[in-house]
Amino acid sequence: MSDLDLLTQSLARNVKRWRTERAFTLEALAGRAGVSRGMLIQIEQARTNPSLGTVVKIGDALGVSITTLLDYEQGPKVRIVPAEQAVRLWHTDAGSYNRLLAGTEAPGPLEMWDWRLMPGEGSPSDPHPTGTVELVHVMVGDLTLTVDGVAHRVPAGASASFEADTAHRYANDGDVPVEMVMAVSVPLVH
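Residues numbered from 1 in each chain as written. Predicted model: local features only at pLDDT ≥ 70, side-chain atom pairs only at ≥ 80, totals over all residues. Heavy atoms only, no water.

Colleague: Report on helix H2 (residues 26-33), specifying residues and quantitative values.
Modeller: When H2 is considered as a whole, its buried residues turn out to be Leu26, Leu29, Ala30 and Ala33. Projected down its long axis, H2 shows its buried positions confined to an angular sector of 100°, all on one face. Packing partners of the buried residues in H2 comprise helix H1 (3-21), helix H3 (37-44) and helix H4 (52-62). Looking one or two residues beyond H2, the residue adopting positive phi is Gly34, at roughly 75°. (Buried < 20%, exposed > 50% of the residue type's maximum accessible area, 1.4 Å probe, protein only. Helix = DSSP H or I, 4+ residues; strand = E, 2+ residues; numbered from the N terminus. Arc of directions from axis to C-beta. Contact = heavy atoms within 4.5 Å.)

Below you can see the structure in the form of structure tokens.
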């Protein structure tokens, strides 16, 4: 079974599990996530590979991390994620990418990401649920972080934190690749 097949089946099983645990109908989850009921059916039947944006919206609506939605086994309290198992969810032909390094549900979803943005590239993000916080640390290059329409320069060695319940964008307006680590904390769904 390919990695993509494994992820598709894990996503199908975990979306259905968490939807059931939250007592959401397909219609309720579709409404909360802003995706179609048909898309959810295809995901739960492992018949599609949704975009990163769709997976993020579903995770946000369920109040679980992307790691939890893609996890294919419930492991012990200590979970080591080998470098080759970090999940690359977005990439461009120019070499930009993000990788989900690790995540947990303590007390709400908490994710750690590794990002590379090539010169001239960027990645937008829809607003996350109220209470979501993102932390970024730039290791190389100058990140342009735009939050709610306001651009902020985050140079190498600097970190930033912000409330991510508004539209935001990560971009590289410089001449060298931006390398950064990001953590996302999402509040529990009640």
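Still more to cover.
Colleague: Outline the packing of aromatic side chains, listing residues and values.
Modeller: Applying the stated criterion across every chain yields a total of two aromatic pairs. Summarising the aromatic geometry, the rings of Trp90 and Trp115 are spaced 5.5 Å apart at their centres and angled 45° between planes, so their arrangement reads as tilted. Of this pair, Trp90 sits in strand E1 (residues 87-91) while Trp115 sits in strand E3 (residues 109-117), and the two are 25 residues apart along the sequence. The pair Trp90 / Trp115 is uniform in exposure class, with both members buried. Where Trp115 meets Tyr170, the ring centres are 5.2 Å apart and the plane angle is 45°; that geometry is what we call tilted. Residue Trp115 is found in strand E3, and its partner Tyr170 is found in strand E9 (residues 168-171); the two are separated by 55 residues along the sequence. We note that Trp115, like Tyr170, is buried. Taken together through their ring pairs, the aromatic side chains of Trp90, Trp115 and Tyr170 make up a single cluster. Above the plane of the ring of Tyr97 lies Arg88, whose end atom (NZ or CZ) is 4.3 Å from the centre. (Phe/Tyr/Trp six-rings, centres within 6.5 Å; stacked < 30°, edge-to-face > 60°. Lys NZ or Arg CZ within 6 Å of the ring centre and 35° of its normal.)

Colleague: So what's going on with the pattern of salt bridges? Which residues, and what values?
Modeller: Tallied over the full model, the rule gives seven salt bridges. The closest approach of N and O atoms between Asp114 and Arg99, which form a salt bridge, is 2.6 Å. Here Arg99 lies in strand E2 (residues 97-105) and Asp114 lies in strand E3, a separation of 15 residues in the sequence. The closest approach of N and O atoms between Asp142 and Arg153, which form a salt bridge, is 3.0 Å. One end of the pair, Asp142, is in strand E6 (residues 142-147); the other, Arg153, is in strand E7 (residues 150-155), and eleven residues separate them in sequence. With relative accessibility at 32%, the residue Asp142 sits in the partly exposed group. (Salt bridge = Lys/Arg side-chain N within 4 Å of Asp/Glu carboxyl O.)

Colleague: Quick rundown of the confidence of the model for the chain? Include the residues and the values.
Modeller: Of all residues in the chain, 90% attain a pLDDT of 70 or more, and the chain-wide mean is 86. E9 holds the highest mean pLDDT among the elements of the chain, 96, whereas E2 holds the lowest, 75. (pLDDT = per-residue confidence, 0-100.)

Colleague: Please provide a residue-by-residue account of the nonpolar core, values included.
Modeller: Core analysis: the biggest nonpolar cluster contains 41 residues, and Ile58, Leu143 and Tyr170 have the highest contact counts within it. Contacts of Ile58, omitting those with residues within four sequence positions, involve Val15, Leu29, Ala33, Val35, Leu40, Ile43 and Leu69. (Core = buried A, V, L, I, M, F, W, Y, C linked by side-chain atoms within 4.5 Å.)

Colleague: Help me get a handle on the environment of Val64, residues and values and all.
Modeller: Position of Val64 among the secondary structure elements: in the loop between H4 and helix H5 (66-70). Distance in space between the C-alpha atoms of Val64 and Ala164 is 16 Å, their sequence separation being 100 residues.

Colleague: Give a description of a nonpolar patch on the surface that names residues and reports values.
Modeller: Among the surface-exposed residues, Met139, Val140 and Val176 lie close enough to one another that they form a single nonpolar patch of about 230 Å² accessible area. With respect to the element layout, Met139 can be found in strand E5 (residues 133-140). (Patch = residues over 30% accessible without salt bridge, like charges linked within 9 Å, V, L, I, M, F, W, Y side chains within 5 Å. Areas by Shrake-Rupley, 256 points an atom, 1.4 Å probe, with all protein chains shown as cover.)

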